[in-house]
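What the coordinates show
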Amino acid sequence: MDELRPEEGQRRSVSGGPLDGKPFAVSGYEVWVAWQQVRDNKGAPGADGQSVAAFEERLEDNLYKIWNRMSSGTWFPPPVRAVEIPKPGGGTRTLGVPTVADRVAQTVAANRIEAVTEKFFHADSYGYRPGRGAHDALAVARKRCWKYNWVIEFDIRAFFGSVPHDLVVKAVEGLRLPAWVLLYVKRWLTAPVIMPDGQARARDRGTPQGSAVSPVIANLFLHWAFDTWMDREFPDCPFERYADDGLIHCKSQARARQALAALEQRMRDVGLELHPGKTQIVYCEDSTRRQTWGGPVSFDFLGYTFRPRDTMGKNGRFTGFDLAASSKAVKRMSETVTGWHLRRHTNLTWEQLTDWIGPVIRGWMAYYGRFRRSELHPLLARINRRIQQWIRAKYRRLKPYRAMKRAWDRITAQMPGLLPHWRWETGAWY
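Since the structure is predicted, the reported quantities are computational estimates derived from the model, not experimental observations. (Residues numbered from 1 in each chain as written. Predicted model: local features only at pLDDT ≥ 70, side-chain atom pairs only at ≥ 80, totals over all residues. Heavy atoms only, no water.)

Observations concerning the overall build of the protein chain
Convention followed: Secondary structure elements are defined from DSSP: runs of H or I of at least 4 residues count as helices, runs of E of at least 2 residues count as strands, and each element is numbered from the N terminus. Between buried and exposed lies partly exposed: a residue is buried under 20% and exposed over 50% of the maximum accessible area for its type, with that area taken using a 1.4 Å probe on protein chains only. Contact definition: two residues touch when any of their heavy atoms are within 4.5 Å. The Shrake-Rupley method, run with a 1.4 Å probe sphere, supplies the accessible areas, and residue values consider only the shown protein chains as cover. Only four residue types enter the tally: Lys and Arg on the positive side, Asp and Glu on the negative side; His and the chain ends are excluded. Think of each charge as sitting on NZ of Lys, CZ of Arg, CG of Asp or CD of Glu.
Regarding its fold elements, the protein chain presents 15 helices and 11 strands. Seen along its three principal axes, the alpha-carbon backbone of the protein chain occupies a region of about 75 × 60 × 45 Å. A burial count over the protein chain gives 48% of its 430 residues as buried. Put simply, 68% of the contacts in the protein chain that link residues at least 6 apart link residues at least 24 apart. Roughly 21,100 Å² of accessible area belongs to the protein chain as shown, and the carbon and sulfur atoms make up 50% of that amount. Computed over 65 positive and 45 negative side-chain charges, the inter-centroid distance for the protein chain is 9 Å.

Let's talk about helix α5 (residues 100-117)
Note the following rule: Helix span, as expected, comes to 1.5 Å for every residue beyond the first.
In a regular helix each residue adds 1.5 Å, so 18 residues correspond to 26 Å; α5 covers 25 Å between its end C-alpha atoms and thus fits that length. Of all the 18 residues making up α5, 14 are buried; the element is thus mostly covered by neighbouring parts of the structure.

As for the sheet that holds strand β4 (residues 193-194)
The following threshold applies: Two strands are said to pair when DSSP picks up at least two bridges between them.
Taken in spatial order, the 4 strands make up an open sheet running β2-β1-β4-β5, and their pairing is mixed. Each of the sheet's edge strands pairs with one partner strand only, and the pair in question is β2 (92-97) and β5 (200-201). Taken together, the 6 bridges between strand β1 (residues 80-86) and β2 define a ladder with antiparallel strand orientation. Bridge assignment links Ile-85 to a residue of β2, and that residue is Arg-93.

What to know about helix α2 (residues 28-41)
Note the threshold: The directions from the helix axis to the C-beta atoms form the arc being described.
Compared with an ideal rise of 1.5 Å per residue, which puts 14 residues at 20 Å, α2 spans 20 Å between its outermost C-alpha atoms and is within 8% of the ideal. By the burial criterion, the buried members of α2 are Gly-28, Glu-30, Val-31, Ala-34, Trp-35 and Val-38. With its buried residues spanning 150 degrees around the axis, α2 presents them on a single face. Of the surrounding elements, those touching the buried residues of α2 are α3 (52-57), α4 (59-72) and α5. Of the residues one or two after α2, Lys-42 is the one with positive phi, at around 60 degrees.

A word on the side chain of Asp-124
Applied cut-off: Counted as a polar contact is a pair of N or O atoms within 3.5 Å, where, for protein atoms, one must be capable of donating a hydrogen and the other of accepting one, and residues adjacent in sequence contribute only when both atoms are in side chains.
Note on placement: Asp-124 falls in the loop between α5 and α6 (134-147). Polar contacts involving the side chain of Asp-124 include one to the side chain of Tyr-126, which spans 2.8 Å. Leave out the neighbours within four places in its chain, and Asp-124 touches Val-140, Arg-144, Phe-239, Glu-240 and Arg-241.

With respect to the sheet that holds strand β11 (residues 316-325)
So the rule is basically this: Fitting a line to C-alpha atoms yields each axis, with helices limited to the stretch in contact; the angle taken between N-to-C directions then spans 0 to 180 degrees.
As summarised here, the arrangement of the 3 strands in space is β9-β10-β11, forming an open sheet in which the pairing is antiparallel. Where the open sheet ends on each side, the last strands, each with one partner, are β9 (299-301) and β11. Taking each pair of neighbouring strands and ignoring which way they run, the sheet shows an average axis angle of 50 degrees. Of the pairings in the sheet, the one linking strand β10 (residues 304-313) to β11 comprises 10 bridges and is antiparallel in character. The partner of Thr-305 across the bridge, within β11, is Ala-324.

Thoughts on the pattern of salt bridges
Keep this limit in mind: Whenever a carboxyl oxygen of Asp or Glu lies within 4 Å of a side-chain nitrogen of Lys or Arg, that contact is scored as a salt bridge.
All told, the structure shown has 15 salt bridges when counted by the stated rule. Notably, a salt bridge pairs Arg-241 with Asp-227, separated by 2.8 Å at the nearest N-O pair. Linking Arg-241 in strand β6 (residues 239-242) with Asp-227 in helix α10 (residues 214-233), this pair joins segments that are 14 residues apart in sequence. A single burial state applies to Arg-241 and to Asp-227, both of which are buried.

Digging into the environment of Thr-117
The topology assignment puts Thr-117 in helix α5. Taking the C-alpha atoms as reference points, Thr-117 and Val-216, 99 residues apart in sequence, are found 8.4 Å from one another. Apart from residues lying up to four places away in sequence, Thr-117 is in contact with Leu-175, Val-216 and Leu-220.

Regarding the packing of helix α14 (residues 377-394) against helix α15 (residues 401-414)
Condition: A clockwise turn of the near helix away from the far one marks a right-handed crossing, whereas an anticlockwise turn of less than a right angle marks a left-handed crossing. For this classification, Asp, Glu, Lys and Arg are treated as charged, while Ala, Val, Leu, Ile, Met, Phe, Trp, Tyr, Cys and Pro are nonpolar and the rest, including Gly, are polar.
Direction vectors running N to C along α14 and α15 enclose 115 degrees, while the axes themselves pass 10 Å from each other. Seen from above, α14 lies across α15 with right-handed handedness. Between α14, through Asn-384, Arg-385, Ile-387, Gln-388, Ile-391 and Arg-392, and α15, the contact on the second element is made entirely by Tyr-401, Met-404 and Trp-408. Looking at side-chain class alone, the contact of α14 with α15 contains 5 nonpolar, 2 polar and 2 charged residues.

Right under this line is the structure:
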């Protein structure tokens, strides 16, 4: 196992010639780093049923096998397990779950690709990239909506399931990475999928959404298919792209129509299609922009809704075009809160309760509270009402509302950090 020790791997080149007589220069250190990333990401077992914890029980043997096979050219991906998850708007999305070992191997390749692509990826590509995220895209989109009157909201239909393999391979070939990277990308693209009914299905298009290598090769494909194309054909129309969702900003309605028509043709040229139900031209209406327009004046992007909103400025109230957590997102969170059925869990201690719901609430606040967090206050107040109901069910002496309210006021004042949202909201509403 000496090949996989970090200190040993650091002394070896990860881009030079063969290691220990192997045809491909895959270092043990790369495999070790990839394993740490897979372990930290956790994730479900693949088609072989092996969990991350089970893989770690024989860690040295398992990592050695991956390194040995990758460096010798004999890594053949096992089938990917398909998992169907419900979409927020209805229907299901199919995720592909590779085995833990294959996730490690994919991460080795993904890290190699990312080390090259990050040097030239577009500044307005935000999805699945280190140091970038949805909030960055939202903040830039917000400012551009103030500057540009028109927005094209677009979504690529079933991108991860329909991206053409030949164009993906061509994009990876252009990176001029070691031959083993391209070899394994080709194998991962065509690895069969085990469907929920147990049937194995071959693939001639797409890259499994949920695999470790898919995000970086998807970004690479869309860099050439969309990002550089936009810079070349519509340099006056800035955009934000997060994976296969994006926004394009235009000065005029005519330019927006022109750009959308060209984008539809561009997607057809690269074997893709815009989703007709999620692609539209939107007018960024506000106090100063009152053009007659019979179309939409709002759109959703990354869980937020952009639309005209009352805003307080230096000279009083005005209507601005701004963003806040979408009603769909708030509804999903409310349904989650209802599904907790807190009154049924009177056996829980305060510590157990906060360990259970606290991280969920903190995550909602961190994501949806970045812009116009006041939109979350009704949701947070409903959470408080559920907790008050739990208190009254758990403590007989606090069943009377007034007694519970006195205890509530005392605990929220003395222990405001017990639950994360009490920093923002201690009131309770139905």
